[in-house]
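Chain and residue survey
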Amino acid sequence: LVGVDYDPDRPECSAAFSAGRVFLAGVDDGLDTRDVAFSPGERFVHVLSRRPEAVATLDLEAAPINAGETAVAALEPVGFGPSRMAVAIVGGRTIIAVSCFDGRNVWILDADTHRLLGVVPGFSGPFDLVIDAAREILIVGDFRDSVLRVVDLQPLRTDAPPELALRIGVVRPVSVLR
């Protein structure tokens with residue numbers, strides 16, 4: 001769970017910190033949460049879970065049913081073995097990119113409409129990832145092949161699916177590295 005110590009008068013002194021495990025009542029047991037990311041504006045928090053394999057979007061401004069709880073605005077399924085997540089505004093829309101290590105693909109979701117924009121295949125073990133919003137690309141560390149792979153996000157501007165664009169590095173499977 002991420003806590004935010006925000007001072008609107010001195011935003012440079014604000015901080016995000018670990019506030020313990022995330023527990024999503026009725027959704028997850030709190031033991032297999034993989035990543036947490038804020039949408040721009042900080043109203044929504046996205047929590048990546050392996051049980052269920054989904055992105056839970058929490059609305060921090062919605063009135064809670066019980067004290068200390070946060071409303072789940074959406075629960076979007078993702079592929080097998082979700083590992084990491086990145087959120088950014090690309091082409092005028094807020095997207096969520098999720099690496100699915102065991103599924104060997106990356107899922108791209110629209111954070112505002114909760115719609116699947118595409119599943120990018122061609123990975124052997126996608127893990128950590130980062131969105132370069134200015135260049136409209138997604139860079140993914142492909143762990144099993146020891147390379148970086150770049151996904152072109154520009155097709156999202158015309159509602160076409162994103163595509164794997166290039167590989168950076170020489171494929172060296174983890175099993176042969178010493």
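Here's a quick rundown of the structure. (Residues numbered from 1 in each chain as written. Predicted model: local features only at pLDDT ≥ 70, side-chain atom pairs only at ≥ 80, totals over all residues. Heavy atoms only, no water.)

**Thoughts on the overall build of the chain**
So the rule is basically this: Runs of E in the DSSP output that reach at least two residues are strands. Runs of H or I that reach at least four are helices, and both are numbered from the N terminus. To sort residues, take the accessible area from a 1.4 Å probe on protein chains only and compare it with the maximum for the residue type: under 20% means buried, over 50% means exposed, and anything in between is partly exposed. Should any heavy atoms of two residues lie within 4.5 Å, those residues are considered in contact. Here, Shrake-Rupley sampling with a 1.4 Å probe gives the accessible areas, and only protein chains in the shown set may cover a residue.
Secondary structure summary: the chain contains 0 helices and 14 strands in total. Listing every helix and strand of the chain by position from the N terminus yields β-β-β-β-β-β-β-β-β-β-β-β-β-β. Counting all 178 residues of the chain, 40% fall into the buried class. Of the contacts formed within the chain by residues at least 6 apart in sequence, a portion of 34% connects residues at least 24 apart. Of the roughly 9600 Å² that the chain leaves accessible, carbon and sulfur atoms contribute 53%.

**Description of the pairing of strand 8 (residues 93-100)**
Condition: Being paired, for any two strands, means DSSP has found at least two bridges between them.
Burial analysis of strand 8 places 8 of its 8 residues in the buried class, the great majority of the element. A two-sided burial pattern is seen for strand 8, the buried positions comprising Arg93, Ile95, Ala97 and Ser99 on one face and Thr94, Ile96, Val98 and Cys100 on the other. Judged from the 8 bridges that link them, strand 7 (residues 82-90) and strand 8 form a sheet pairing that is antiparallel. Residue pairing across strands places Pro82 opposite Cys100, the latter belonging to strand 8.

**Some words on a nonpolar patch on the surface**
Heads up, the rule is: The residues that make up patches have over 30% relative accessible area and no salt bridge, and they are joined within 9 Å when like-charged or within 5 Å when they are Val, Leu, Ile, Met, Phe, Trp or Tyr. Salt bridges are defined as contacts in which a side-chain nitrogen from Lys or Arg sits within 4 Å of a carboxyl oxygen from Asp or Glu.
On the surface, Phe127, Phe143 and Val174 cluster together into a nonpolar patch covering about 250 Å² of accessible area. Take Val174: it is sitting in the segment after strand 14 (163-168). Overall, Val174 belongs to the partly exposed group, its relative accessible area being 31%.

**Re the sheet that holds strand 11 (residues 126-132)**
For clarity, the cut-off: Note on definitions: angles span 0 to 180 degrees between N-to-C directions of axes, and those axes are lines fitted to C-alpha atoms, for helices only across the stretch in contact.
Taken in spatial order, the 4 strands make up an open sheet running 11-12-13-14, and their pairing is antiparallel. Each edge of the open sheet carries a strand with a single partner, namely strand 11 and strand 14. Each neighbouring strand pair of the sheet contributes to a mean axis angle of 25°, computed without reference to strand direction. Note that strand 11 and strand 12 (residues 137-142) share 5 bridges and pair antiparallel. Bridge assignment links Leu129 to a residue of strand 12, and that residue is Val140.

**A word on the sheet that holds strand 7**
In space, the 4 strands of this open sheet follow the order 7-8-9-10, with antiparallel pairing throughout. For this open sheet the edge positions go to strand 7 and strand 10 (115-120), each flanked by a neighbour on one side alone. In this sheet, neighbouring strand axes are inclined to one another by 20° on average, regardless of whether the strands run parallel or antiparallel. Here 5 bridges tie strand 9 (residues 105-110) to strand 10, and the two strands are oriented antiparallel to one another. Following the sheet pairing, Asp110 is matched in strand 10 by Arg115.

**Points about the nonpolar core**
Nonpolar side chains in soluble globular proteins tend to end up buried together. Note the threshold: What we call a nonpolar core is a set of buried Ala, Val, Leu, Ile, Met, Phe, Trp, Tyr and Cys residues that are connected through their side-chain atoms within 4.5 Å.
Membership of the largest hydrophobic core comes to 17 residues, with the highest contact counts inside it found for Ile95, Val106, Ile108, Ile131, Leu138 and Leu153. Of all elements in the fold, only strand 7, strand 8, strand 9, strand 10, strand 11 and strand 12 reach the threshold of two or more residues within this core. Ranked by residue count, the leading element in this core is strand 7, at 3 residues. When neighbours within four sequence positions are excluded, Leu153 is seen to be in contact with Val90, Ile95, Ile108, Ile131, Glu136, Ile137, Leu138 and Pro162. With 11 residues, the next largest nonpolar core counts Val55, Met85, Val98 and Trp107 among its residues.

**Overview of the pattern of salt bridges**
In total, this model carries 10 salt bridges according to the counting rule given. Notably, a salt bridge pairs Asp110 with Arg93, separated by 3.2 Å at the nearest N-O pair. Of this pair, Asp110 sits in strand 9 while Arg93 is found in strand 8, placing the two residues 17 residues apart along the sequence. The class of Arg93 is buried, set by a relative accessible area of 17%. Asp159 serves as the salt-bridge partner of Arg115, at 3.6 Å between the closest nitrogen and oxygen.

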